[in-house]
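# Survey of secondary and tertiary structure
The lines below spell out each chain.
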Amino acid sequence: SPTLRAPVPRALAARSCHPRPHPREAPSLRPTRPEAPGPRREPASPLRSPLPAGSPGPGQRLGCAALRNVSGAQYVGSGYTKAVYRVRLPGGAAVALKAVDFSGHDLGSCVREFGVRRGCYRLAAHKLLKEMVLLERLRHPNVLQLYGYCYQDSEDIPDTLTTITELGAPVEMIQLLQTSWEDRFRICLSLGRLLHHLAHSPLGSVTLLDFRPRQFVLVDGELKVTDLDDARVEETPCAASADCILEFPARNFTLPCSAQGWCEGMNEKRNLYNAYRFFFTYLLPHSAPPSLRPLLDSIVNATGELTWGVDETLAQLEKVLHLYRSGQYLQNFTASSSAEYQRIPDSAIPQEDYRCWPSYHHGSCLLSVFNLAEAVDVCESHAQCRAFVVTNQTTWTGRQLVFFKTGWSQVVPDPNKTTYVKASG
């Protein structure tokens, strides 16, 4: 395994494990001036988070024992406070470990200012503890799953905290722009569902003060928020609307001040505009089915002007999903050609590929279609297409994946595919 940055090497060895309080029973999450570690507490009930395949039995949380025999440790990345590592559990499941970065900005600047290493660790670990609590309290399909945690001695600091979470892939916007519209829409739909959950969470309306693509990961095509240490639950207090200015680099918004002295919907609207400027404006409209573009444009425009809240935004995103998944977006569809295709069951064309964009495969033209009529229309719209191969694979919406080909000089048996070739003449 590659050399890891402290404190993870000792966390992986897990030679000195101490049970600590359940995050639900953690004390105040407000940071204070660095001080010496406090007394230990008895452990509370285990976390209820679902566990990955290959982990200990159902209903058990992962703790220090799970880190004793991990393999394949890899450094993933770090920010101002925390470092993230990828490891594989003895049962084969890959998980992420997150710990305070001993060489990070926050810990280093605190030590330089106060000279109290242990106290500065506690101050930095506050962010990790806060994030652990929020991951547990805000459980949702679009919030990264918390599997467990471990308190143990590391270097000269006792009781360092390591959290164990679901493993995701970083959000690379340039790569996403090259993927299919269907996959990009899934990310926007995931984000809409997440923002609806945050606006109506058990803790109240939650806003993400640090809202950038790097705060999210992709897990099996679903977008999930992973960094919650900069989340805020409290709405902004106000005496007048002048106190409720929502500021962004390109423009500002003034929100109403409620009779109770809170800026109305500021947390929700901050999340929504950030979703617009970082995700929706880039991922939603481009290469979408033409019949869906007016609705998608209205979603982008309404979130960019904050004329909708998260409830209406999610309702419209779910409407797009329904139209796309049901094929209703093709209701006014008329075939662009009367060309006929010969069906060759249980067969495929291994070569004669061409590239198209966006494709599910970089070396060929692999697209999803709702039905055979749409596959014919796609082939007819591509000048080089002379045949297509329907696979038994489907996308997350249930649409079939189809390879489009330049010819059919070699057709081979394949029980999982059906070939259609353009009839001569």
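Here the structure is a predicted model, which means the values were calculated and not measured. (Residues numbered from 1 in each chain as written. Predicted model: local features only at pLDDT ≥ 70, side-chain atom pairs only at ≥ 80, totals over all residues. Heavy atoms only, no water.)

### Thoughts on the overall build of the protein
Scanning the protein from terminus to terminus reveals nine helices and 20 strands. Expressed as a percentage of contacts within the protein between residues at least 6 apart in sequence, the contacts between residues at least 24 apart total 67%. Approximately 20100 Å² of the protein is accessible, and the part contributed by carbon and sulfur atoms is 50%. (Helix = DSSP H or I, 4+ residues; strand = E, 2+ residues; numbered from the N terminus. Contact = heavy atoms within 4.5 Å. Areas by Shrake-Rupley, 256 points an atom, 1.4 Å probe, with all protein chains shown as cover.)

### Description of the state of the cysteines
Summed over the entire model, instances satisfying the criterion amount to six disulfides. The partner cysteine of Cys244 in its disulfide is Cys263, sulfur to sulfur 2.1 Å. Taking the sign of the S-S torsion, -85° for the link of Cys244 and Cys263, the bridge is left-handed. With Cys244 in the loop between strand 11 (231-232) and strand 12 (245-247) and Cys263 in the loop between strand 13 (252-254) and helix 6 (266-283), this pair connects stretches of sequence that are 19 residues apart. The exposure class of Cys244 is buried, given its relative accessible area of 0%. Across the disulfide, Cys379 is cross-linked to Cys385 (sulfur-sulfur distance 2.0 Å). Taking the sign of the torsion about the S-S bond as the criterion, the disulfide between Cys379 and Cys385, at about -100°, is left-handed. For the pair formed by Cys379 and Cys385, the shared burial category is buried. Sequence-ordered numbering of the bonded cysteines in the protein gives a pairing of 1-4, 2-3, 5-7, 6-8, 9-10, 11-12. (Disulfide = S-S within 2.5 Å. Buried < 20%, exposed > 50% of the residue type's maximum accessible area, 1.4 Å probe, protein only.)

### So, the side chain of Glu268
Examined against the element boundaries, Glu268 turns out to sit in helix 6. Notably, Glu268 is buried but unbridged: the nearest opposite-charge side chain belongs to Lys269, and the N-O separation is 6.0 Å. When neighbours within four sequence positions are excluded, Glu268 is seen to be in contact with Ala199, Ser205, Gly309 and Val310. (Lys, Arg positive; Asp, Glu negative; His and termini not counted. Salt bridge = Lys/Arg side-chain N within 4 Å of Asp/Glu carboxyl O.)

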